[in-house]
Structures are given as structure tokens and as C-alpha cells.
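Fold and contact review
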Amino acid sequence: MEKQELSGPWFNDAVIYHIYSLSLSKLPSEQTAPFINDYSELRDTAAEIVKWIPHIKGMGFNAVLFSPVFKSRSHGYDVTDYYEIDNRIGTNGGFQALVKQFHDNGIRVILDCVFNHCGRDFFAFRELQNHNLQFTDWFSGVDLNRQSPMGDYFTYDTWNGHYKLPKFNLGNSAVKEYLLNALRFWIDTFDIDGMRLDAADVLDNNFMVELRHVSEEKKNNFWLMGEVVHGDYSNWVNERCLHSVTNYILYKSLYSSHNDNNLYELAYSIDNSVPDNGLPLYTFLDNHDQSRIASSVSNPAHLFTLYALLFTLPGIPSVYYGSEWGVRGVKEEGSDHSLRPYINIDNRFEYSTSLTEFICKLIYIRHREKALKYGSYRKIYLDYNRPFVYERFYENERIIIIVNIANHEDTVNLNMQNNSNFSDLLQDENFISCGSIYMKPFSVRILKEL
């Protein structure tokens, strides 16, 4: 991975806190936030999100990703209106003030946006349902000679076979201009700093190139990150298209390599998931679509080594709300409800664990060390049931990370020719020799060369 220049954009330094917004849009009198939106009630739950700012800032996060916030019928990805905050969250004015409060606390704001498809309540789809055929070309694959499974007089392309999510025809100039104007609107009105593009792996590439051009015209260093599961990430991450994509290759290998005691899988994934151009990918251990890491990993002790890897490997690390406390949740067939719970932030001190403190320390170290933010990666040592050793280096700085996921102690010899000394950044220990290094079971060392 090529090094990133220190003078680069803000997202090279980002540590992101990811919130599923609709789950926090609960009023005190409710047990849960409403899942189905009948659009009749204008709610103001921004105050609930404001209460999270001290926690997010206190842990060291400098960016927040809200998934999702556009007005929708249900889960937020069946968008009804691209120019309005979901009424279950609040108003445009209230959200504008919320963004300002995050900015005032030094926290960038990224929104989860859906440009590949919309919901069935979107105005253009409603017009087509009402036989206004001038909107036929707004959607991909419209066939007026066949009915859809939803009972429409026509059928259409969808996202992944879900007929509640009609796919846009992004070859239509009117559709493109509508969505590009939505991007301009969110930057101009709310001063947001970036967007996560939902379903970027099936989103029209030319459209993403136009998004990049428009966003850079509107705001310097605006960040575009795409949701991509499979494929060669460098097809998306380049100077013309996106700045970053979700590193699902690394995500899967992180927890499965621990569960299977096979760090060869992880090392292989690192070598094959970083684009040749060196632009940083978005890294994570869980999110609103995947089971919580505390439920995915077989041994709770591995949460510590997993988070150490997340914050010391190449990429832009993200933590999903509540996972810093070890919150559990399993993805179920047809339901992501358990992954997106309401959490009362007023009780955060009751949730806090040693894992929370550990993640805080990792964030602090990452912010301080240029090699961890911008540095190249090199594998040093890997053998079965032995500690994994790798290094990050940037200019004249070098950090060696040793990760022992085994349930037994071990000793690592770095075999340094120059008899260098190191400082253990994580353990706050005095300088240690570069010779034999003792490793406890399920432990990590982050060693900076002096």
C-alpha cells in the first residue's frame, strides 16, 4: 500500500462512529421507534442523537456515519423523498442544527445515501403507477406488458429481487439531474462532509464518476465511500470514481480467521483487498447489515485482538454503535431488527467494559501515530498457532504489531540486526529489547521503534 501524504484530505485521519439513525428515533413514551412510516407524524428525536456527542467525542471518534436519514417507508433504504429528513427523525431544520453541533465538536458528518433504487412511495414511481407514462424511463427494465409481483400493471428491475426497491434508470438525464441536485442540496443546506453510497457494487459507474465531479465542485475533500461486497476494489477506488469502499473481504476474514484459528486467511485477505493505488478502504467488524462482532466471534477474548487489528491494519476504521460495549445481535432471515437496537445513551456508564477502554486507547494511539494512519504494510512472520507479526512504516517511523490469538503464551524473536529498541504503545511499558518478546494468551503488542 502506497503511503498517503500528511497534507491529504481529512478522511485519511478519520475514525468513524456508525449509527443506525432510525433506531435512535424513539420518544420516551415508546418501547421502540416505529418501523413503518405512515408519514402522518412529524417527530423531533434529534435531541436523542445530540446526547451521543459527548460519548462519541470522548472516545476519540472524529467522524460519524448516519445510516440512513432520507424520508422512507420503512428501513430507510426505500426512499420516498431525497430532499427531506425522515419525519420519524425530525425536520430538515432540526437536522441542520444537529450537523452543526457535531461540527462544533470537531466531528465530520457522513450520510448513507441510496441512488441505485428508491421506494414505491417515491413520486416518480407513484406517477408511473397512475399511468403517467412519461416516467416510464425513470426506472430500469420497465415492461408494460407484464404485471409485477406487487400487482402493478407493469414490471421493473429491482435491487436484488426486492420489488419494494425499484431500480433507477441512471441513463436517463432527468433521473441523474434529480439525484445530482439532491447531492448539491445536502452539501449546500446541511454542510455534510461525505456520503456512503448504498449498493455501489451495482450502481452505474458513470453516475458515480459524475457524483465525484459534482461533489468536488461543491466542497473540497468531500468523501465518497461505496458499499461493495465482492470484486476488485480498485475498479471503484480510483481518482475518477470513489475515494473508498467497504472492505468486506477483510471484514469476513477478521472474525473467521479467529474462529478457525487460521490467521493465514487474514494475511491473504490483507494482501488481496488493498487496491494497487493505495487509497484507504473503509474497515469494520460489524454494521447494520451484519451480525454484531460480539455474536460472530466464538471466543469473547478475541474481541480485543480483533479491535487491535482493526485499528492497526491499513484502512479507515469504523465502530458500529454499541459494539464498543460488546452489544450482541444476530442477523436473522428476513429481519435485521436485532442488529439495530435502541440504546439509551444516558446509561452508557452501565454498558462500559474493559473493551470500551481498550478501544479508546487504540483510537488514541492511531490518532497519534502517523505510521498507523498513512503507513505501508508488510507481513513479518506468520505460522500456525503462533503470533502474527506485521509492520506499518511511514517515512522514518516504524511500528511492529504482534497479535497472539492462541490460548497459550508464546515468545516472539524479531531477529533485528541493529539491536533496535522499541516502546510498547499499548502497554505503556518502558523500552523493551528487540530480542525475545513475551506474549500472553489473546494479547497484542504495538511496538514503536525508537
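What this report covers is the structure whose coordinates are included nearby.

How each quantity is defined
Residues numbered from 1 in each chain as written. Predicted model: local features only at pLDDT ≥ 70, side-chain atom pairs only at ≥ 80, totals over all residues. Heavy atoms only, no water. Axes fitted to C-alpha atoms, helices over the stretch in contact; angles between N-to-C directions. Helix = DSSP H or I, 4+ residues; strand = E, 2+ residues; numbered from the N terminus. Parallel < 35°, antiparallel > 145°, perpendicular 65-115°, else oblique. Left-handed = near helix turned anticlockwise from the far one by under 90°. Contact = heavy atoms within 4.5 Å. Nonpolar A, V, L, I, M, F, W, Y, C, P; charged D, E, K, R; others polar. Buried < 20%, exposed > 50% of the residue type's maximum accessible area, 1.4 Å probe, protein only. Pairing = 2+ DSSP bridges. Phe/Tyr/Trp six-rings, centres within 6.5 Å; stacked < 30°, edge-to-face > 60°. Lys NZ or Arg CZ within 6 Å of the ring centre and 35° of its normal.

Here we take up the packing of helix H11 (residues 302–312) against helix H13 (residues 354–368). Two quantities define a packed helix pair, namely the angle between the axes and the distance from one axis to the other. Here H11 crosses H13 at 20 degrees, and the two axes come no closer than 10 Å. Classed by the angle they form, the pair H11 and H13 counts as roughly parallel. You can see that H11 and H13 cross each other, and the crossing is right-handed. Here Leu303, Phe304, Tyr307, Ala308 and Phe311 of H11 lie close against H13, whose contacting residues are Ser354, Leu355, Phe358, Ile359, Leu362, Ile363 and Arg366. Here the contact of H11 with H13 is built from residues that sort into ten nonpolar, one polar and one charged.

What follows covers the pairing of strand E16 (residues 410–413). Every second residue of E16 is oriented toward a common face, the buried set being Asp410 and Val412 and the non-buried set Thr411 and Asn413. The pairing of E16 with strand E19 (residues 436–439) spans four bridges and is antiparallel. Bridge pairing links Thr411 to Tyr438 in E19.

On to H11. By the criterion of burial, H11 is predominantly enclosed, with ten of the eleven residues buried. Buried residues of H11: His302, Leu303, Thr305, Leu306, Tyr307, Ala308, Leu309, Leu310, Phe311 and Thr312, and no others.

Locating Thr353 in the fold gives a position in the loop between helix H12 (348–351) and H13. In sequence terms Thr353 and Leu309 are 44 residues apart; their C-alpha atoms lie 19 Å from each other. Filtering out sequence-adjacent residues up to four positions away, Thr353 remains in contact with Glu324 and Trp325.

Glancing now at the packing of aromatic side chains. Throughout the structure, instances matching the rule amount to 50 aromatic pairs. Relative to Tyr82, the ring of Phe70 has its centre 5.7 Å away and its plane inclined at 65 degrees; by these criteria the two rings are edge-to-face. Of the two residues, Phe70 is situated in strand E3 (residues 70–72) and Tyr82 in strand E4 (residues 79–85); the sequence distance between them amounts to twelve residues. The two residues Phe70 and Tyr82 agree in class, both being buried. Each ring, one from Tyr374 and one from Tyr394, has its centre 5.4 Å from the other, and the planes form 50 degrees; the classification is tilted. Here Tyr374 is found in helix H14 (residues 370–374), whereas its partner Tyr394 is found in strand E14 (residues 388–394), with 20 residues between them in sequence. On the basis of relative accessible area, Tyr374 is assigned to the buried category, the value being 3%. Taking the ring centre of Tyr321 as reference, the NZ or CZ of Arg292 above it sits at 5.0 Å. Residue placement shows Arg340 over the ring face of Tyr20; its charged tip is 4.4 Å from the ring centre.

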